[in-house]
Amino acid sequence: MKSHVKVARRTFLRNTLVASAAIPLAGIPIILKANEKIAESNPMAVALGYLHDATAVDTGKYPNRATPEGQKQFCHNCKLYQAGADGWGGCSIFGNKLVSGEGWCSAWSAA
């Protein structure tokens, strides 16, 4: 036995518009989520020499870090860093990943 349901054109269009508007909004929690700490083994972190502890940076590879001015460079005083909780914050270089405020990478820029 076949069941036919008639849907008014106006109802169909309204439901389609509501569903179309809701689909992009469904991704917002994923986009805003920035609570995962970046791993030092992340390819981008490796490429930029990022370490959670700035005092452990290889100054042979990054000689600027060995200078008196370079020893004052930390993520927490970089203009790319957005402070967060517990000493970790966002970095515009690493997208939705958190970096340590006491960390360092070669993209450091004076605030």
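This text goes with the structure placed above it.
A. Structural detail: the pairing of strand 4 (residues 97-100). Here strand 1 (residues 36-37) pairs with strand 4 via two bridges, running parallel. Each residue of the ladder has a partner; that of Lys37, found in strand 4, is Leu98. Bridging between strand 3 (residues 88-91) and strand 4 involves three bridges; their strand directions are antiparallel. Pairing of Gly90 across the sheet is with Leu98, part of strand 4.

B. Just empty space enclosed by the protein, in detail. Throughout the structure, instances matching the rule amount to one cavity of 30 Å³ or more. Quantified by volume, the largest cavity comes out at close to 60 Å³. Of the residues contributing to the lining of the largest cavity, the split by class is ten nonpolar, no polar and no charged.

C. Summary view of the sheet that holds strand 2 (residues 81-82). Here we have four strands laid out as an open sheet, ordered 1-4-3-2, and mixed in their pairing. The two strands at the open ends of the sheet, each matched to only one other strand, are strand 1 and strand 2.

D. Structural context of unusual backbone geometry. Even without glycine at this site, Asp86 takes up a positive phi of about 55 degrees. Among the secondary structure elements, Asp86 is positioned in the loop between strand 2 and strand 3.

Criteria and cut-off values
Residues numbered from 1 in each chain as written. Predicted model: local features only at pLDDT ≥ 70, side-chain atom pairs only at ≥ 80, totals over all residues. Heavy atoms only, no water. Pairing = 2+ DSSP bridges. Helix = DSSP H or I, 4+ residues; strand = E, 2+ residues; numbered from the N terminus. 1 Å grid on protein atoms, 1.4 Å probe; cavity = no way out; pocket = protein on both sides within 12 Å on 5 of 7 lines; lining within 4 Å. Points joined across faces, edges and corners; volume = space filled by probe spheres on them. Nonpolar A, V, L, I, M, F, W, Y, C, P; charged D, E, K, R; others polar.

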